[in-house]
Amino acid sequence: MDQGIVYVVGAGPAGLFAARKIATAGYQVLILNRDIKPGGLAEYGIYPQKFHMKNGLRKQFAKILAMPNVDYIGNARVRSDERLTVEGLKDWAPAAIVYAVGAQGTKNLGLPGEDAKGVYSAKDFVYHYNLLPPFASQDFSTGRRVAIIGMGNVMADIARWLLIDQPGEKPDEVTVIARRGPFEVKFDRKEFDEIEAFLNRKELQDELNRVAEACKGAGQDVGQVADTTFPWLKTQPENTPASKLKFRFLSSPIAIEPGADRRIAHLRVVENILVRDGENTRPKATDTETLLDIDTLIFAIGDLADRGLGLPYGKNSYATNPDTANPDRAAYEVFDPASGKVVDGVFVVGWARKASEGLVGKARFDAEQGVNHILKYLEGAAKKSSASAADVLSQIRSKGIETVTKDDIITLGQVEAQQAQAHGLPEFKFSTNQEMLRAIQTKVAG
Ligand SMILES: Cc1cc2nc3c(=O)[nH]c(=O)nc-3n(C[C@H](O)[C@H](O)[C@H](O)COP(=O)(O)OP(=O)(O)OC[C@H]3O[C@@H](n4cnc5c(N)ncnc54)[C@H](O)[C@@H]3O)c2cc1C
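Thresholds applied
- Residues numbered from 1 in each chain as written.
- Predicted model: local features only at pLDDT ≥ 70, side-chain atom pairs only at ≥ 80, totals over all residues.
- Heavy atoms only, no water.
- Axes fitted to C-alpha atoms, helices over the stretch in contact; angles between N-to-C directions.
- Helix = DSSP H or I, 4+ residues; strand = E, 2+ residues; numbered from the N terminus.
- Parallel < 35°, antiparallel > 145°, perpendicular 65-115°, else oblique.
- Left-handed = near helix turned anticlockwise from the far one by under 90°.
- Contact = heavy atoms within 4.5 Å.
- Nonpolar A, V, L, I, M, F, W, Y, C, P; charged D, E, K, R; others polar.
- Domains from an automatic or database assignment.
- Buried area = accessible area lost by both parts, 1.4 Å probe.
- Buried < 20%, exposed > 50% of the residue type's maximum accessible area, 1.4 Å probe, protein only.
- Near = heavy atom within 4 Å.
- Polar contact = N/O pair within 3.5 Å; in protein donor to acceptor, adjacent residues only side chain to side chain.
- Areas by Shrake-Rupley, 256 points an atom, 1.4 Å probe, with all protein chains shown as cover.

Turning next to the packing of helix α1 (residues 13-24) against helix α3 (residues 51-65). Contact geometry for α1 and α3: axes closest at 10 Å, N-to-C directions at 45°. Taken as axis vectors, α1 and α3 run oblique relative to one another. Where α1 crosses over α3, the two elements pack in a sense that is left-handed. Here P13, L16, F17 and R20 of α1 come into contact with α3, specifically with Q60, F61, I64 and L65. Here the contact of α1 with α3 is built from residues that sort into six nonpolar, one polar and one charged.

Now the structure itself:
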């Protein structure tokens, strides 16, 4: 189909499944990705030990990249402060541009002392242990008393890493801190099963007793917790592990207090009571403050779209068309509030559209829904003389950016598989871009 080339920015699940659907409809697709490797959070977010799931996704992604009408340029970040920009891409006259860059912005806690050492966003911490450059080489040292803010699956993953898989010494305790109570946990049972052996039943019961009165305001009876959200309360683990997993409910962080070494020493929280708010519950602060002894704080409260990308930004996400006449389509169309117009041919899908929302299946569904509208747009759009993948590649390289192609990704996979075999490991990953680029060059030259 000689209609021009569709550029997809981002090769996480949303970008790759969008690319597949657009390519299957007959269009030529060029994917530009920040990371050398494709996969996004499927490669660098999903828990490292979920080999089966990760390998299954890698195989699907490899098939997408193998499509003859799909090209890939990795190590090519598009951002307002980079050599490749949102405006610059338009100069190459793509038939459409689909932004599938995920949620790369950090939702900060906004607390005094937040810049203390030992305070990390969950995204960065997860990138670190999943070996995404440059996070893989940065200091994410943890101490003996780690607090995780948030009660979702990301919390469960991070606790699992700290308590089980992190190399070296394990913490004495991991405390999960939440504004709301034991009935408002967001993690899935099977994710918590991985760490339930560390759950200190006695201390959880003490904590439930502590918040029992405060939960009553929302009509909750903590006596029901074992039958609902914490079935593990009815069982005892076979062994008593050295590290403890604890919960601190109805507590909102209000300040981070560093010690003399500038590392977090205390977390000040205000205690809440729970009130009903229609169908939901809402925490309401009291006058009581507590100082918790903490030497590492990881906040797992979801992420935001990256403001620095260069797309028009709304309240907490990229601005999309507010048109209420056709909301399904409008939700994927990038909108410029300054001109009051849709940005012609520019779309957003996946976590870039709705940050931190859902699993891979949801990101895929969102991308494929978006593509239905993109294909309709393409049918009616004027033909474009888009810069080809080869032109784009040479122009990016002329800017001094060391990019990789889909053939390079196959080569890198082969080198990493050889390394895994040589070291008797289930998998091997290079943790810097330099190592990946060198491995590709060496293999190609050899
Ligand atoms: C810790 C964690 C654990 C998870 N575990 C699971 C799980 O077990 N099972 C499951 O199904 N789901 C899991 N998920 C959810 C799943 O990872 C997401 O649903 C999915 O990855 C979102 O896909 P996406 O493509 O929208 O974004 P992402 O996966 O974030 O992909 C974004 C892509 O865009 C690229 N990019 C970013 N910025 C730029 C830029 N400026 N220029 C060019 N490219 C850019 C990135 O390199 C990346 O390739 C987990 C998520 C997290 C955070």
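Moving on, there is more to tell.
Annotation of the protein at the domain level lists domain 1 (5-104 + 304-403) and domain 2 (108-301). Each of domain 1 and domain 2 has a C-alpha centre, and the two are 34 Å apart. With 14 residues of domain 1 in contact, the opposing surface of domain 2 contributes 13 residues. Summing both sides of the interface, domain 1 and domain 2 together bury roughly 1,200 Å²; the carbon and sulfur share of this comes to 49%. Interface area lost by domain 1 to domain 2 is led by Y44, Y47 and K50, which between them contribute 50%.

Right, let's talk about unusual backbone geometry for a bit. In the segment running from P133 into P134, the intervening peptide bond is cis, with an omega of -5°. Of note, P134 is situated in the loop between α5 (122-129) and β7 (145-149). Located in the positive-phi region is N75, a residue other than glycine, with phi close to 65°. Along the polypeptide, N75 turns up in the loop between β3 (70-74) and α4 (86-90). By relative accessible area, which is 16% here, N75 ends up buried.

Attention now goes to the site of the ligand. Of all residues adjacent to the ligand, which total 32 residues, the nearest are D35, L41, K50, V78 and W351. Between an oxygen atom of the ligand and a side-chain N or O atom of D35, the distance comes to 2.8 Å. In the environment of the ligand, an oxygen atom lies 3.2 Å from a nitrogen or oxygen atom belonging to the backbone of L359. Computed on the free molecule, the ligand has an accessible area of 1,000 Å², of which 94% lies beneath the protein chains in the complex. The residues that make up the shell around the ligand include at least three from each of domain 1 (5-104 + 304-403) and domain 2 (108-301).

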